[in-house]
Amino acid sequence: MFWISRLLWRVCWLCWLLVWWLPSAAHAQREVLRFNQHWRLHVGICEGAELPSFPDGEWEPVTLPRAWNEDDAFRVDIADLPTGTAWYRKTFALPERKLDERVVVVFEGVRHGAEFYINGQSLGFHEDGITEVGFDLTPHLNPPSEPNVLAVRTNNAWDYREQGTRQRYQWNDRNFNANYGGIPKNVWLHRMGSLHQTLPVFPGLGTSGTYIYADEFELEHGRARVHAESEVKNDSERVRSFRYEVVVAELDGTERGRFSGVESITLEPGESGMVRASGGVDGLQWWSWGYGYLYDVKTRLLEEGEVVDEMVTRTGFRQVTFGDGQVALNGRVIQLKGYAQRTTNEWPALGSAVPAWLSDFSNGMMVESGANLVRWMHTCPWRQDIASCDRVGLLQAMPAGDAEKDVTGRRWEQRVEVMTASIIAHRNHPSVVFYEGGNHGISEAHMAELLAIRDRWDPHGGRAIGARDMLASGTAEYGGEMLYINKSARNPFWAMEYSRDEGLRRYWDEFSPPYHPEGEGRPYKGEPAPAYHHNQDQHAMENVRRWYDYWECRPGTGSRVSSGGVNIVFSDTNTHHRGEVNYRTSGEVDAMRLPKDGFFAHQVMWDGWVDVEHPRAHLLGHWNYKEGIKKPVVVVSSAREVALFLDGQSLGRCRTPEKRFLFSFPEIPWRPGRLVAVGYDEEGREVCRDQRETTGPAVALRLTSHVSPDGVGFKADGADVALVDVEVVDAQGRRVPTAMHPITFELTGPAEWRGGIAVGPENSILAKTLPVECGVNRVLLRSHPEAGSIRLIARAPGLASATLELESQVPPDAAAALVPRPWLTRGPTPKGPSFQPHRISVPVASIRAGGRQQEASWACDDNEETAWENGGDDGSAWVEFTLARPAVVDEITAKFPGWRSRTYPLAIFVDGREVYRGTTSTSLGYVTLPLRPQEGRVVRVQCVGKGEVKEGFGGIREVEDAGNASDGPPVAPGRLGIVEIEFHERVR
């Protein structure tokens, strides 16, 4: 019987070979399969779970991406997120395999380390917790239609150590890197012929894939030369000769350009090689801010005229240049403004494992708020978020992996490996414009090492590489501090994490339920911490004040400028915190992406590339108060003047805003009605308005859903989510902004309740009853793998209930059909300059100082890491600058040592005539001193008193590394120090 069984097996094997071989290898095409469904999950150590025979029927069925500890996202402090071992298993079969087919699995990432198995055989480890990893499954697969078992053992321990070295990973940190364990990212299966272009997955596969870039831009005419390079591998047992062809196509398939390599290429069996082609392409649309215009670049291998492999790379074309302290996108200078967002980009009860459309929803809101840049913090984001930024038109700064210091030895090697893998994986994404080498300054040798990696793998992509700080670096291509304002006439410097205050969305102001006194809350590090307990109105105003410092130094304000800054963070985040809850509330939106007033304040300030281009107004707060209330009304506006009206009656005009954008109307008596703010330009013409209206009493609930806008809607795949807004409304359907009602939900049908977030026990995570805050809240539903009708009912005491019905749909099989469409909301890059220069810097020809003459040049050397100080000699606290030409100096801009904590009483003279006498204010960098206009050439700055030592910003207590809050070298009272000084003429 044994020999009969063996004979039958051989016959079957030969038949299988014939079936496998029948489809001609010359026509083999690659296939990309979403490999997220039909996994099983078990939390805990499980011996033998890698074996195909292991019984996993009792394990939880899940669809990836799925963090095994998702229930605790925002429920517990980041440091208390559960850790340990979790197993994932998937049983699958591959019918109709071809003889020369290669089968590769790619995991977009695991947390933190994992070992991978196929049919009981170990494929290897992947341990950095950041990057993608791939494995060639081909030699390990069973014959067609026979089941295979892919098993992954994950470990998300905070102290996870690398297998070979026992070294910990610097970025596996309990402060900022929320630990959502297991497989919280997508998985893909690639099937391709033996002659194929490789994947851009360096870990596991060691391959670099395809590189697309453009040069020779003719921006006005929509023309550029497009270049394509592909690594090609011959995995067959025969010599292969082929040609390389490139097609540039619109997303609807319309061909925009086609070109080929000049020669046929031959590869020996097992050999790899690079192939290249380039050609001019006309009719291109440029990728831009808020204009995610993308193309499919199809790179093909042809044997005897037949396509045997085609790789499709979705990318966009844009020109980015760096210089004169500025960044230019498509020839137009852009001041960087946006958010330092946690790479996990997390949601309550889901963590980071969300569908692609929800990534677009969140990242698109950044663009809607006026942001043009997101700086992902500490670690490289997953491919889904990077591709999302391509689609919504949001520039990115992409880190590798770091905590907050330079390191050496194996820990530095780990960072180099992650940077290499990340550049290879993401160099074709047009939104990536910065590679970040560290969340703190690094050595010049380390910076040079990273620059060499960029130059090897992405020499032509128009991306700068640098790190935080790096103000004096001769190697970094950009830099900027965490907290302060930096300026440069060389590299672009932008602030990496400014405006660090916190405030919950539930607090409008002191006059609204629940009547939270501004700044009241628990101490931080044993001291009062009002900056971490803001109401919405004060938090928004603080954001305005902080941005003004960068706007004041924008391009057009002199030779040395600030390239902008990013506010920490966009959405409330499950990371280290200082306020009353166990998560950080610095966001302009809450964790469910419901806007706070700060969202709209940024929308006003940021609606322009540099200068304001579209005037806006936003009234802070609401207009539902009690009789007898008098309160300040604040309007954030980019108009020149704002008038306030109540039911048509004037309440006054404000022509002197604070920090350019804050128009205040103090002690306005409340009465019901329609409050309207109208903004006017310099000619008195109305350019913007906003209004608030007193609502009636709450009478009912309203439910509104948000689902994928791709035409399919809520997908029955076990991973898609629907957002549902619940509002308390009056009889006219207007949201009642002071409502705080508890809402109880009832869900039926094929969907899973994931809930929302609100102040309460365990932050109301997964609770079926939670309150609205400021009249609104939002909850999450997750689909089941089965399609069907879903009903959600919301009830609250004393209010009419609301019912929402959804229909989940079976998703299409094609992976491409699940990719959201690009957002084109802001339109193409505008023509014309983005700013009008309003002052001109006058160069300095020579300097004479009262002391330390040899260091006097440091006062204007465009290097903020040097400073001149007069020393201890009596009468030496002065310095004279001889300008390169006579000029009417209207303003001096200067950065003084101790800028945050020191004041300097100064007298300033031009050709011997006093033009200024006063005391400088504290600042987060630079102060501007207005002078009486006086033509001359010699400017003398003299200290005329001792000044004060005082903390200008309430202390910066959250910073673990005190060096991050340093405001320059100490200067004794009565002495004069200058970090940088500039002399300006107003443009007349």
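For every chain, the first residue of its written sequence is number 1, and the numbers climb from 1 along that sequence. At least 70 in pLDDT is required for a residue's local features to be given in this predicted model, at least 80 for side-chain atom pairs to be given and counted, and no such filter applies to totals for whole chains, interfaces and linings, which use all residues. Note that the side-chain values use all heavy atoms of the structure and ignore hydrogens as well as water.

Below, the discussion takes up the UniProt feature "domain: Glycosyl hydrolases family 2 sugar binding" (unreviewed entry) in the protein. UniProt positions are given in the numbering used here, feature names are shortened, and annotations may be inferred rather than shown by experiment. UniProt marks residues 75–153 with the feature "domain: Glycosyl hydrolases family 2 sugar binding" (unreviewed entry), using the numbering shown here. Secondary structure elements follow DSSP: runs of H or I of four or more residues count as helices, runs of E of two or more count as strands, with numbering from the N terminus. With 0% helix and 46% strand, residues 75–153 has end C-alpha atoms that lie 25 Å from one another.

Quick look at the nonpolar core now. In these notes, a set of buried Ala, Val, Leu, Ile, Met, Phe, Trp, Tyr and Cys residues joined through side-chain atoms within 4.5 Å is what counts as a nonpolar core. In this scheme, a residue with accessible area under 20% of its type's maximum is buried, one over 50% is exposed, and one in between is partly exposed, where area comes from a 1.4 Å probe on protein chains only. Trp347, Phe434 and Trp494 are the most contacted members of the largest nonpolar core, which has 85 residues in total. With 7 residues, the single largest contributor to this core is helix 6 (residues 536–551). We call two residues in contact when some of their heavy atoms are within 4.5 Å. Ignoring anything within four residues of it in the chain, the contact list for Trp347 reads Ala73, Phe74, Val354, Leu358, Phe361, Ser362, Ala591, Met592, Arg593, Leu723 and Leu780. Listed in part, the 32 residues of the second largest apolar core include Ile892, Leu929, Leu931 and Ile978.

Here we come to the layout of surface pockets. The computed volume of the second largest pocket comes to approximately 730 Å³. As for the second largest pocket, its lining consists of 30 residues, and the residues nearest its centre are Trp508, Pro595, Phe600, Arg735 and Val776. When contributions to the lining of the second largest pocket are tallied by element, the ones reaching two or more residues are helix 2 (356–368), helix 7 (597–605), strand 38 (686–693) and strand 44 (776–783). With 4 residues, the top contributor of residues to the lining of the second largest pocket is strand 38. Partitioning the lining of the second largest pocket into residue classes produces 11 nonpolar, 7 polar and 12 charged. Space inside and on the surface of the protein is sampled on a 1 Å grid over the protein atoms alone, with a cavity defined as a set of points where a 1.4 Å probe fits but cannot get out and a pocket as an open set with protein on both sides within 12 Å along at least 5 of 7 lines; lining residues have an atom within 4 Å of a point. Grid points are joined across faces, edges and corners, and a volume is the space filled by probe spheres set on the points. Asp, Glu, Lys and Arg are counted as charged, while Ala, Val, Leu, Ile, Met, Phe, Trp, Tyr, Cys and Pro are counted as nonpolar; the rest, among them Gly, fall into the polar class.

Here the focus is the domain arrangement of the protein. What counts as a domain boundary in this text is fixed by an automatic or database domain assignment. As assigned here, the protein comprises domain 1 (31–192), domain 2 (210–315), domain 3 (335–619), domain 4 (629–693), domain 5 (698–808) and domain 6 (839–986). Taking the mean C-alpha position of each, domain 1 and domain 3 sit 30 Å from one another. Residue-level contacts link 32 residues of domain 1 with 41 residues of domain 3. Summed over both partners, the accessible area (1.4 Å probe) lost when two parts come together is defined as the buried area. Approximately 2900 Å² of surface area, both sides summed, lies buried where domain 1 meets domain 3, with 59% of it carried by carbon and sulfur atoms.

Per the counting criterion, the structure on display carries 8 cavities of 30 Å³ or more. Roughly 190 Å³ of volume is contained in the largest cavity. Looking at the largest cavity, it is lined by 16 residues, and the ones nearest its centre are Gly129, Asn177, Lys185, Thr343 and Thr344. Class assignment for the residues of the lining of the largest cavity results in 7 nonpolar, 6 polar and 3 charged. Composition of the lining of the largest cavity by domain shows at least three residues from each of domain 1 (31–192) and domain 3 (335–619). One number sums up the size of the second largest cavity: a volume of about 90 Å³. Thr131, Glu132, Ala421, Ala425 and His426 are the residues nearest the centre of the second largest cavity, which is lined by 16 residues in total. It is helix 4 (residues 409–426) that contributes the most residues to the lining of the second largest cavity, 4 residues altogether.

Okay, the state of the cysteines next. Any pair of cysteine sulfurs within 2.5 Å is marked as a disulfide. Here the structure, examined in full by the defined rule, presents 0 disulfides. We note that Cys688 lacks a disulfide partner, and the nearest cysteine sulfur, in Cys654, lies 13 Å from it. Judged by its relative accessible area of 7%, Cys688 is buried.

Next up on the list: the sheet that holds strand 31 (residues 564–568). Any two strands between which DSSP finds at least two bridges are classified as paired. The strand order 29-28-27-26-25-31-30 describes an open sheet built from 7 strands, whose pairing is parallel. Each of the sheet's edge strands pairs with one partner strand only, and the pair in question is strand 29 (464–466) and strand 30 (495–498). Mean inter-strand twist for the sheet, computed between neighbouring axes without regard to direction, equals 25 degrees. Judged from the 3 bridges that link them, strand 28 (residues 432–436) and strand 29 form a sheet pairing that is parallel. Note that in strand 29 the partner of Phe434 across the bridge is Ala464. Helix axes are fitted only over the stretch in contact, all axes being lines through C-alpha atoms; the angle between N-to-C directions runs from 0 to 180 degrees.

On to the environment of Leu302. Following the sequence through the fold, Leu302 ends up in strand 20 (residues 295–303). On the basis of relative accessible area, Leu302 is assigned to the buried category, the value being 16%. In this structure the C-alpha to C-alpha distance between Leu302 and Glu245, which are 57 residues apart in sequence, comes to 7.5 Å.

Let's shift gears to helix 2. Compared with the 18 Å implied by 1.5 Å per residue over 13 residues, the 18 Å span of helix 2 between its first and last C-alpha is a close match. For helix 2, the buried fraction is high: 12 of the 13 residues fall into the buried class. Residues of helix 2 that are buried: Ala356, Trp357, Leu358, Ser359, Asp360, Phe361, Ser362, Asn363, Gly364, Met365, Met366 and Val367. Looking one or two places after helix 2, you find Gly370, whose phi comes out positive at around 105 degrees. By this rule, a helix spans an expected 1.5 Å times one less than how many residues it contains.

Looking now at the environment of Asn777. Position of Asn777 among the secondary structure elements: in strand 44. For Asn777 and Arg506, which are 271 residues apart along the polypeptide, the C-alpha to C-alpha distance reads 9.9 Å. Those residues in contact with Asn777 that lie beyond four places of it in its chain are Arg505, Leu594, Val724, Asp725, Val726, Ile757, Ala758, Leu770, Pro771 and Val772. A polar contact of 3.3 Å, which involves the side chain of Asn777, links it to the backbone oxygen of Ile757. Under this definition, polar contacts are N or O atom pairs within 3.5 Å; protein pairs additionally need one hydrogen-donor-capable and one acceptor-capable atom, and for neighbouring residues in sequence, both atoms have to be side-chain atoms. A distance of 2.7 Å separates the side chain of Asn777 from the backbone oxygen of Pro771, its partner in a polar contact.

This paragraph deals with the packing of helix 2 against helix 3 (residues 383–392). Packing of helix 2 against helix 3 brings their axes to within 9 Å, and their N-to-C directions diverge by 55 degrees. The angle between helix 2 and helix 3 places the two elements in the oblique class. Read as a crossing pair, helix 2 and helix 3 show a hand that is right-handed. Between helix 2 and helix 3, the contacting residues are Ala356, Ser359, Asp360, Asn363, Gly364 and Val367 on the first element and Gln384, Asp385, Ser388, Cys389, Arg391 and Val392 on the second. We call two directions roughly parallel when the angle between them is under 35 degrees, roughly antiparallel when it is over 145, roughly perpendicular when it lies between 65 and 115, and oblique otherwise. Definitions for this section: a left-handed crossing has its near helix turned counterclockwise from the far helix by less than a right angle. A right-handed crossing has that turn clockwise.

In space, the 6 strands of this open sheet follow the order 3-2-5-10-7-8, with antiparallel pairing throughout. A single partner strand is all that each edge strand has here, and the edge strands are strand 3 (60–62) and strand 8 (121–126). Across this sheet, the average inter-strand angle for adjacent strands is 25 degrees, counted without regard to direction. Summarising the sheet, strand 2 (residues 39–43) and strand 3 pair through 3 bridges and their orientation is antiparallel. When the sheet's bridge partners are listed, Leu41 is paired in strand 3 with Glu60.

A separate point is the packing of helix 4 against helix 5 (residues 444–457). Look at helix 4 against helix 5: their axes get within 10 Å of each other, and the N-to-C directions meet at 25 degrees. Of the possible angle classes, the one that applies to helix 4 and helix 5 is roughly parallel. Helix-helix and strand crossings are classified by hand; for helix 4 and helix 5 the assignment is right-handed. Taken together, the residues of helix 5 that come into contact with helix 4 (itself represented by Trp412, Val416, Met419, Thr420, Ile423 and Ile424) are His446, Glu449, Leu450, Ile453, Arg454 and Trp457. Looking at the contact of helix 4 with helix 5 residue by residue, the classes come out as 8 nonpolar, 2 polar and 2 charged.

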